[in-house]
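Topology and contacts: notes
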Amino acid sequence: MSSAPRDALEFPDSDRGFLEPHLPPQDGSAPQSDLPFTTLTFATSLDSSLALSPGARTVLSGPQSKAMTHYLRSRHDGIIIGVGTAVADDPGLNCRITGVGGYGQEGLAGQPRPVVIDPTARWEFSDDSKLFQLCREGRGLAPWIITAVENPNSQKQALLERYGGRFISVNMIRTHTGRHQIDWPDLLVTLKSNGLESVMIEGGGQVIKSLLSPIYMSLLDSVIVTIAPTWLGEGGVVVSPARRFDEGGNAISAARLKNVKWHPFGEDVVLCGQIKLSD
Ligand SMILES: NC(=O)C1=CN([C@@H]2O[C@H](COP(=O)(O)OP(=O)(O)OC[C@H]3O[C@@H](n4cnc5c(N)ncnc54)[C@H](O)[C@@H]3O)[C@@H](O)[C@H]2O)C=CC1
Ligand SMILES: Nc1nc(O)c(N)c(N[C@@H]2O[C@H](COP(=O)(O)O)[C@@H](O)[C@H]2O)n1
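One structure accompanies this document, and this report is about it.

Scoring rules and cut-offs
Residues numbered from 1 in each chain as written. Chains lettered and ligands numbered in written order. Predicted model: local features only at pLDDT ≥ 70, side-chain atom pairs only at ≥ 80, totals over all residues. Heavy atoms only, no water. Buried < 20%, exposed > 50% of the residue type's maximum accessible area, 1.4 Å probe, protein only. Helix = DSSP H or I, 4+ residues; strand = E, 2+ residues; numbered from the N terminus. Pairing = 2+ DSSP bridges. Lys, Arg positive; Asp, Glu negative; His and termini not counted. Salt bridge = Lys/Arg side-chain N within 4 Å of Asp/Glu carboxyl O. Contact = heavy atoms within 4.5 Å. Near = heavy atom within 4 Å. Polar contact = N/O pair within 3.5 Å; in protein donor to acceptor, adjacent residues only side chain to side chain. Areas by Shrake-Rupley, 256 points an atom, 1.4 Å probe, with all protein chains shown as cover. Nonpolar A, V, L, I, M, F, W, Y, C, P; charged D, E, K, R; others polar.

Let us now look at the pairing of strand 13 (residues 268-275). For strand 13, a buried count of six out of eight residues is recorded, marking the element as mostly surrounded by other parts of the structure. With five bridges connecting them, strand 9 (residues 222-227) and strand 13 associate as antiparallel partners. Note that in strand 13 the partner of Ile224 across the bridge is Cys272. In this sheet, strand 13 lies alongside strand 12 (residues 257-265) in antiparallel orientation, the contact comprising seven bridges.

Listed below in structure tokens is the structure:
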């Protein structure tokens, strides 16, 4: 055991039981599947915002729910974010719970693999990026970058590989406006075949919106949302999936949860559930 760094977080056993039914099983009882166990998790304001604006790193979670998020990170093999989040936040995407690798434990056991969806390879990361600082300090893994670009910039590729990361090409669907859309089943199968048995998807807004579309929402095994007691106001990055309509052309809810449980963490409340698929 080595000593834990100053940013180490504690998450008490008494809070863990509540989450257990919503997490990847630890007893080998997961059904055989080509897909990893997939959790959608994020923190939102009372007006459904993830951040004050697309480029703004915004703290929503209080200390207890932040520690919960890090516990979730310890229970998943990978964390997926969109490149918008990587650029805005320069995130660490490691797990800072005491007892995992780099936080009181040798090696990197319990550290999740960061996965960044970046169809055009536009993320300008460098040695100074937080993710690579953490790699140098033995406190996190290097990212896998999911792209549609066949030959990404060789300097970026070399930097990534020096830390143990890599670019991964997956199928993308080209929309009528020329934008790349992730083929989510293909991505998830690829991640599982590369050893990630479970993934948590943290955001941002565009990633969450695409996952909550009718064709992809069934991929989600679990949804865990932190709700913070604040309104961020107009102009925020809002989580609002596309409208759905019934056969009569009437608007219906875009997505709904079932088996819902609520748990207060400090001033926040955490909502756990599963996507309710239509009957
Ligand atoms: N409160 C929270 O829990 C979280 C907040 N955030 C915040 O969200 C904001 C970023 O959100 P957004 O601007 O919506 O960016 P984003 O993180 O969703 O990334 C958008 C970009 O990712 C790629 N992308 C996303 N979904 C894709 C798909 N289905 N197919 C192909 N490519 C896709 C595209 O290149 C797109 O331009 C930041 O301000 C960040 O701080 C991000 C994560 C969690
Ligand atoms: N759970 C949660 N609460 C918030 O208040 C947040 N702003 C986020 N953001 C997500 O966490 C990433 C930052 O992670 P590090 O602390 O740098 O490891 C950020 O990029 C979002 O994905 N999450």
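This part is about the side chain of Arg113. Relative to the helices and strands, Arg113 resides in strand 3 (residues 113-117). Among buried charged residues, Arg113 stands out as having no salt bridge; its nearest opposite-charge side chain is Asp77, 9.8 Å away. Excluding residues that lie within four positions of it along the chain, Arg113 makes contacts with Asp77, Gly78, Ile79, Leu141, Ala142, Trp144, Gly164 and Leu196.

Here we take up the site of ligand 1. If you check the shell around ligand 1, you find 29 residues, and the closest are Ala43, Thr85, Asp89, Ile182 and Glu202. Separating an oxygen atom of ligand 1 from a side-chain N or O atom of Arg122 is a distance of 3.2 Å. Note that a nitrogen atom of ligand 1 is positioned 3.2 Å from one of the side-chain N or O atoms of Gln181. Contact with the protein chains removes 89% of the 850 Å² of surface that ligand 1 exposes when unbound. Mapped onto the shell around ligand 1, the elements with two or more residues apiece are strand 1 (37-44), helix 3 (83-89), strand 7 (180-182), strand 8 (198-203) and helix 7 (205-211). Ranked by the residues each element gives to the shell around ligand 1, the list is headed by helix 3, at five residues. Of the residues in the shell around ligand 1, the class split is 15 nonpolar, eleven polar and three charged.

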